[in-house]
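Each chain is listed here by its residues.
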Protein chains: 2
Amino acid sequence: MQTESEEVLMARFEELSVLEKEFEDVELEIIRKAEALHAPLYTKRAEFIAKIPHFWSLVFEQAPPEIDNFIQPSDSKVFAECFDTFEVSRFEIDDPNGSPRSFSLKFGFKENEYFEDRILEKKFWFRRSRDWAGLVSEPVQIHWKKGKDLTGGLTDAAYKLGEARKKLASDSSDMAARRKETKLTEYQKLVELIETSSQSSVSFFGIFSFVSGYRWISAEESAKVEKEDKANLEKIRRGEKTEDDEDEEEDTQDYQEVEVFPEADEIVTIIAEDMWPNAIKYYKATFDEEEDDEDLSDLDVEGFDSDADAMEEDGSDQEVDIRALVGKGRKPGQSPPSKKQRKK
Amino acid sequence: MQTESEEVLMARFEELSVLEKEFEDVELEIIRKAEALHAPLYTKRAEFIAKIPHFWSLVFEQAPPEIDNFIQPSDSKVFAECFDTFEVSRFEIDDPNGSPRSFSLKFGFKENEYFEDRILEKKFWFRRSRDWAGLVSEPVQIHWKKGKDLTGGLTDAAYKLGEARKKLASDSSDMAARRKETKLTEYQKLVELIETSSQSSVSFFGIFSFVSGYRWISAEESAKVEKEDKANLEKIRRGEKTEDDEDEEEDTQDYQEVEVFPEADEIVTIIAEDMWPNAIKYYKATFDEEEDDEDLSDLDVEGFDSDADAMEEDGSDQEVDIRALVGKGRKPGQSPPSKKQRKK
């Protein structure tokens, strides 16, 4: 009976996979429709907020805790001083070989004492391997000014490994080829640097080094997997038997040992799906918090107790400083929002 | 200079509010479009999963931690034994006076030893007061069988207060009228019952008593606020001066003292927006976890250490029991998903 039940279960699973794919197609269509509806508003908003100094610094200052926990006091200082423009774009939305789930974050900065770059753009591609699906990215170089690298060399080391990997031009779907990367000196250097870094206080700028929550997946590998999945689903739809996956040797390599910012995919997804469309709400929330100022500073301090020096310099007053820039405080005649007011 | 800056800020705020409203309208349109795209799939899925025993019990067993933390071992037992059908419906989506954000959760149960009800339906209305917007609901009565009430009388007491409030027929926008409710004996009884209950281990069925994360808001009050907001935005669009809110006396009453399940609005939003469209993914995840069984049981035990008796009876084996119902274990030939596989 156990065997029969397993067989029934297997057939059900395959049929469920067909239905699941239809749900996934609808999700993608919803992303496309949402983007089309939002597009004119994003343009209008960009024009309007160009007149508002510190708009994006203030939005990020109000980030939900899942993000705020990763913004160190020294990051906050950089944001307050020179974070100028911000844009999320779904750059593969009309690309039949791309995914509406892919997006880029484009941070614009004023001239500043920290790095040479005026634009830092980070692209995230939604890709699939046989046993995983999610966002992957290439490390972005930040041209830090002398002595100003907030990541202690992590972004440089990750960028160098990324360039070295490109030269290998290996097939990311092939385990043996993938292993070549782990032999690179750039790989070992990054492993060591991550081991010696204090992971609890890695700079938010570490997200520019993000590669994957699993491992790097090339466009070719992802396209191949998509094609196989599609063929498999077609077979199920026609009622044909599907082949079992070939029993690939299990890859026991932990590619996360070179991941500078393992939580980046979750953080940037919240930025793209929540903070980007709801930026005005987050901005306005800045002016609702005067009464909570003391509490907020306390929270900040607690969050950074692992990094007491940096905190002393930049920490506990940060929240107050940045709001002072825009005439901190609730404006008269505006009704106070409840602490439980929904963000959407 | 401070005064001028405040004036400029005020004007900007008003203009931003106009833009914010346009974003909100787009959000509602996206919900409508998403619902239209999903509708045929939900029908198809309902037909298909009618053949799968325990589908919804298993989906809820896989609930994300934000929800799972609120499902007690004894709730889990009820779900495993008799939770049969489930449906989310956006019942105001075509109602010009309603909101696409309103939804109902309809739980269907087989005959069971716990309560008489075969259907428990909970409606959530998206409503606004002057200073808050969110989901409100009316307490639903659960006809518990003798000695089987998992909520220790909370659902009964909340239901009785709800009925008593209806008889008052007071205007929820009027503070003096609202205060009448707090004088009801049903109000005081519920306050006392909540005070003496162990809030850390309130049954998941407590969500049926949820009223609001703030306070009850009637359809009339919400409609009035919507109308005022609209008129105000029209004035801003025409460049006219808007009036300051009349300085209402601040309402210091804490209506949350009669809220049985303050987190319910957040929980049910995750159920409606994530678990409902992604139910197949959650169901399939049941079969990916065999290797983690021990770990999971351990986690369960930790989570419920405040309720050691209930745990002993229902707790640590629950996760294993329910999956045994469907021939627990990974089916052959299915590739194992990574622990970081995305839920969407």
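Residues numbered from 1 in each chain as written. Chains lettered and ligands numbered in written order. Predicted model: local features only at pLDDT ≥ 70, side-chain atom pairs only at ≥ 80, totals over all residues. Heavy atoms only, no water.

A.B. asks: I tried to follow the packing of helix α5 (residues 154–168) of chain B against helix α7 (residues 185–196) of chain B on my own but got confused; where do I start?
C.D. replies: The description of two helices packed together rests on the angle between their axes and the distance between the axes. Residues and elements named next belong to chain B. Across the interface, α5 lies against α7 with an axial gap of 9 Å and an inter-helix angle of 155 degrees. Taken together, α5 and α7 sit at an angle that is classed as roughly antiparallel. Regarding α5 and α7, the two cross each other, and that crossing is left-handed. Contacts between α5 and α7 involve L154, A157, A158, K160, L161 and A164 from the former and E186, Y187, L190, L193 and I194 from the latter. When its residues are assigned to classes, the contact of α5 with α7 shows 9 nonpolar, no polar and 2 charged. (Axes fitted to C-alpha atoms, helices over the stretch in contact; angles between N-to-C directions. Helix = DSSP H or I, 4+ residues; strand = E, 2+ residues; numbered from the N terminus. Parallel < 35°, antiparallel > 145°, perpendicular 65-115°, else oblique. Left-handed = near helix turned anticlockwise from the far one by under 90°. Contact = heavy atoms within 4.5 Å. Nonpolar A, V, L, I, M, F, W, Y, C, P; charged D, E, K, R; others polar.)

A.B. asks: Explain the pairing of strand β2 (residues 103–109) of chain A to me, please; I cannot follow it from the model alone.
C.D. replies: All names here are of chain A. Taken across its 7 residues, β2 has 6 buried, putting it largely inside the fold. Bridge count for strand β1 (residues 83–89) against β2 is 6 bridges, and the pairing is antiparallel. Bridge assignment links T85 to a residue of β2, and that residue is G108. The pairing of β2 with strand β3 (residues 119–129) spans 6 bridges and is antiparallel. Note that in β3 the partner of F103 across the bridge is F124. (Buried < 20%, exposed > 50% of the residue type's maximum accessible area, 1.4 Å probe, protein only. Pairing = 2+ DSSP bridges.)

A.B. asks: I would appreciate a short explanation of helix α4 (residues 73–82) of chain A in the present structure.
C.D. replies: Because the α-helix completes a turn every 3.6 residues, residues three or four places apart line up on one side. Counting buried residues in α4 of chain A gives 7 out of 10 residues, a clear majority hidden from the surface. Three or more residues of α4 of chain A are buried, namely P73, D75, S76, V78, F79, A80 and C82 of chain A.

A.B. asks: Quick question: what am I supposed to make of the sheet that holds β2 of chain A here?
C.D. replies: Neighbouring strands of a sheet are bound in pairs by backbone hydrogen bonds; such pairs are parallel or else antiparallel. Residues and elements named next belong to chain A. Across the sheet, which stays open at both edges, the 4 strands sit in the order β1-β2-β3-β4 with antiparallel pairing between neighbours. With partners counted over all chains shown, the strands left at the sheet margins are β1 and β4 (132–137), one partner each. Mean inter-strand twist for the sheet, computed between neighbouring axes without regard to direction, equals 15 degrees. Sitting on the sheet, helix α9 (residues 264–275) is in contact with β1, β2, β3 and β4, with an inclination near 80 degrees to β2.

A.B. asks: What's the story with the packing of aromatic side chains in this structure? I'm lost.
C.D. replies: For any two aromatic rings, the description comes down to two numbers: the centre-to-centre distance and the angle of the planes. According to the stated counting rule, one finds 70 aromatic pairs over all chains in the structure shown. For the pair F70 of chain A and F261 of chain A, a centre-to-centre distance of 5.6 Å together with 50 degrees between the ring planes defines the contact as tilted. Of this pair, F70 of chain A sits in the loop between α3 (65–68) and α4 while F261 of chain A sits in the loop between α8 (219–237) and α9, placing them 191 residues apart in sequence. On the basis of relative accessible area, F70 of chain A is assigned to the partly exposed category, the value being 21%. With a relative accessible area of 0%, F261 of chain A lands in the buried category. Lying across the ring of F91 of chain A, K123 of chain A places its NZ or CZ 4.7 Å from the centre. Just above the ring of W276 of chain B sits the side chain of R45 of chain B; from NZ or CZ to the centre is 4.4 Å. (Phe/Tyr/Trp six-rings, centres within 6.5 Å; stacked < 30°, edge-to-face > 60°. Lys NZ or Arg CZ within 6 Å of the ring centre and 35° of its normal.)

This is a description of form; function is not addressed.
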